[in-house]
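Breakdown of the fold
Here are the chains, one letter per residue:
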Amino acid sequence: PPSHKKRRSEEFDEAEVFTKSEIRKFIKSFRKFGPSAKRLKDIGRDAGMSASVPELEALLDILHRKCSEAEAYATNHDGTQKKNTSILLGGCSFSTSQLTQRENLLNNLGHLPEKPKDRIAWRIDKKTKPTGWDLEWGLEEDSMLLIGVYEHGLGSWDKIISDAKLNLADKVFPSDSEGKPRQEHLQTRAEYLLKNLPKLTTKSPTKAPKKKEKREKKKKKEPDEDIREYFEEKPAKSKRTKRTKKKEEEEEEEPAEGKPAEAECSDVVFKKCKEMMRPVRKTLRMLENPKDDADTEEQLRQTKSHLLTIGQQIEKNCEGKSEEWVKEWTENLWVFVSQFTPIGSKQLKKLYNKAVRQSSESQTKTSKKRKR
C-alpha cells in the first residue's frame, strides 16, 4: 500500500546522513560492546566512524525505536512473536531478534566496574560450570575473559588473547590445533558467562570493607518521631512566593535537606510538576495550611492522610513509565510537594510509605474481624 511505501521511505531518510558501509560497521561494533548507551565512543572507534557521540546517540535511538516498532508489529494476539522480523536502517536490513538478544546479553557487562583500575581487580565470586578443556581454566580465567570482552569487544579474540594484563595467551590453543580451548570455544564460554553474569556476582570487590566503629550507632528514628519534632517546634507556615532571583541565589548557597538544588532552580521542572499534581491541589493547600488548634498527634494524622492522597497521585503519574523516568520524577514530585511544608522531601516520602503500610495493616485487621 502507498502508506507502507511512505513509511519505509521516511525510515530511510532518518539515517541517510550515514552511508550503508558506515551503518553496517556500526551494527557490527554494536554487537560487540555493551551497555551500548554508555559505550558509543568505543563503538564508533571500533567501527572507524568519524561521527560525534551525539550523532551516534541519534542513530542508536533510531535503531532502538525501529526494533521496538518491529517487535510490536510482529506480536500476535496471543502474545507470541512472528519469526524472522527485520528492520530497515539506512537501506540496510537487520534481524530484530538478533539485535535485541545480543544487546540484552551485552548489557550485563554493566556489572563490571567502569574505571580501568577497578575493573582489572574485579572477579567473579560464584562457582561456574566446568569447561572440560585440555588446559586448566577457573574463575580467574573466566573473570579475565569478561574483562577482555568489555575492553576489546565480544569476538575480538586476537586482541583479548594478546592483551598482556589478561594473561590468557598461554591458556588458548592456536586455531589450527585440536586442543581446547580455541577461539570458537571462547565465544561459547563468553556467551554463557554473560548470560549468567547477574547470578555470578553478588558483591563489588573494589569497595574496601568498612571499619567497625567503636562507638555505638545512634538508634534510627522512625519517620513519625522526626515529623513530631517539626510540629512541636511549631515552624512558620510555608509561604510560596514568586521565584525571584534573590531566592534562587539563596537556595543555591544553602539548599534545604532532601531538596536537590537543581530541581528547585529549574522552572521547567517546577511547572511540569505543578501540572502533574493539579488534581490534588486542594490537598496541597491543606498540607500547607494545617489547623492551628490541632495538637501534635492530630496534625500528624492529618499530614498522613494528605500524603496518602498526594502519594497516590504521584504513583498514578508514574504508571506505564520507564524505571529511569519513575526514579527521576518521583524525586522531583516529592521535592515539589515539600514546597508546601517545612518538612523535607525525603521525610515526606518516608512518612507516606509508613502511612501506606499502616493503612494496609488496618484493612487486613478489619477484614479478619468481619470473617469472624
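Each chain has its residues counted from 1, following the order in which its sequence is written. Per-residue local features of the predicted model are confined to residues with pLDDT of at least 70, and side-chain atom pairs are confined, for both listing and counting, to 80 or more; whole-chain, interface and lining totals are unaffected and use all residues. Excluding hydrogens and water, the side-chain values take into account all heavy atoms of the structure.

1. Some words on the overall build of the chain
Of the regular secondary structure elements, the chain holds 17 helices and 2 strands. Evaluated residue by residue, the chain yields a buried proportion of 39% over its 372 residues. In this description, contact between two residues means that some pair of their heavy atoms is separated by no more than 4.5 Å. Considering only contacts in the chain between residues 6 or more positions apart, those separated by 24 or more positions represent 67%. Residue exposure ignores everything except the shown protein chains as possible cover, and the areas themselves are Shrake-Rupley values with a 1.4 Å probe. Accessible surface computed for the chain: about 24600 Å², of which carbon and sulfur atoms make up 48%. Numbering goes from the N terminus for both helices and strands, where a helix is a DSSP run of H or I of at least four residues and a strand is a run of E of at least two. Buried means the residue's accessible area, taken with a 1.4 Å probe over protein chains only, is under 20% of the maximum for its type, while exposed means over 50%, and partly exposed covers the values in between.

2. Quick look at the packing of helix 4 (residues 53-73) against helix 5 (residues 96-107)
Between two packed helices, what matters for the description is the angle formed by their axes and the separation of those axes. An axis is simply a line fitted to the C-alpha atoms; with a helix, the fit covers only the stretch in contact. Between two such axes, the angle follows the N-to-C directions and lies from 0 to 180 degrees. Taken N-terminus to C-terminus, the directions of helix 4 and helix 5 make an angle of 120°; their axes are 10 Å apart at the nearest point. One finds that helix 4 runs oblique with respect to helix 5. Of the two elements, helix 4 crosses helix 5, and the hand of that crossing is left-handed. Residues Leu-63, His-64, Cys-67, Ala-70 and Glu-71 of helix 4 form the contact with helix 5, whose participating residues are Thr-96, Leu-99, Thr-100 and Glu-103. Every angle not falling under 35 degrees, over 145, or within 65 to 115 is termed oblique; those three ranges are roughly parallel, roughly antiparallel and roughly perpendicular. By the definition used in this description, the sense in which the near helix is turned from the far one sets the handedness, with an anticlockwise turn below a right angle giving left-handed and a clockwise turn giving right-handed.

3. So, the environment of Lys-83
Along the polypeptide, Lys-83 turns up in the loop between helix 4 and strand 1 (86-89). Each C-alpha atom, one on Lys-83 and one on Ser-97, is 8.6 Å from the other, the two residues being 14 residues apart in sequence.

4. Quick notes on the pairing of strand 1
Each regular strand displays side chains that alternate between the two surfaces of the sheet. Across 4 bridges, the pairing between strand 1 and strand 2 (residues 92-95) is antiparallel. Its bridge partner being in strand 2, Ser-86 is matched across the sheet by Ser-95. Only strands that DSSP links by at least two bridges are regarded as paired with each other. As consecutive antiparallel partners, strand 1 and strand 2 are separated by 2 residues, and within that stretch Gly-90 has a phi angle of approximately 60°, a positive value.

5. Remarks on the environment of Gln-187
Relative to the helices and strands, Gln-187 resides in helix 9 (residues 183-200). Separated by 33 residues in the primary sequence, Gln-187 and Leu-154 place their C-alpha atoms 7.6 Å from one another. Apart from residues lying up to four places away in sequence, Gln-187 is in contact with Arg-102, Leu-154, Gly-155 and Trp-157. Any pair of nitrogen or oxygen atoms within 3.5 Å is treated as a polar contact; in protein, a donor-acceptor pairing is required on top of that, and neighbouring residues in sequence qualify only through side-chain atoms on both sides. Within the local environment of Gln-187, its side chain forms a polar contact with the side chain of Glu-191, the two groups lying 2.9 Å apart.

6. Here we look at the packing of helix 14 (residues 281-288) against helix 15 (residues 296-317)
At a minimum axis distance of 10 Å, the contact between helix 14 and helix 15 shows a crossing angle of 155°. Classified by the angle their axes make, helix 14 and helix 15 are roughly antiparallel. In the packing of helix 14 onto helix 15, the handedness of the crossing is left-handed. Contacts between helix 14 and helix 15 involve Thr-283, Leu-284, Met-286 and Leu-287 on the former and, on the latter, Thr-303, His-306, Leu-307, Thr-309 and Ile-310.

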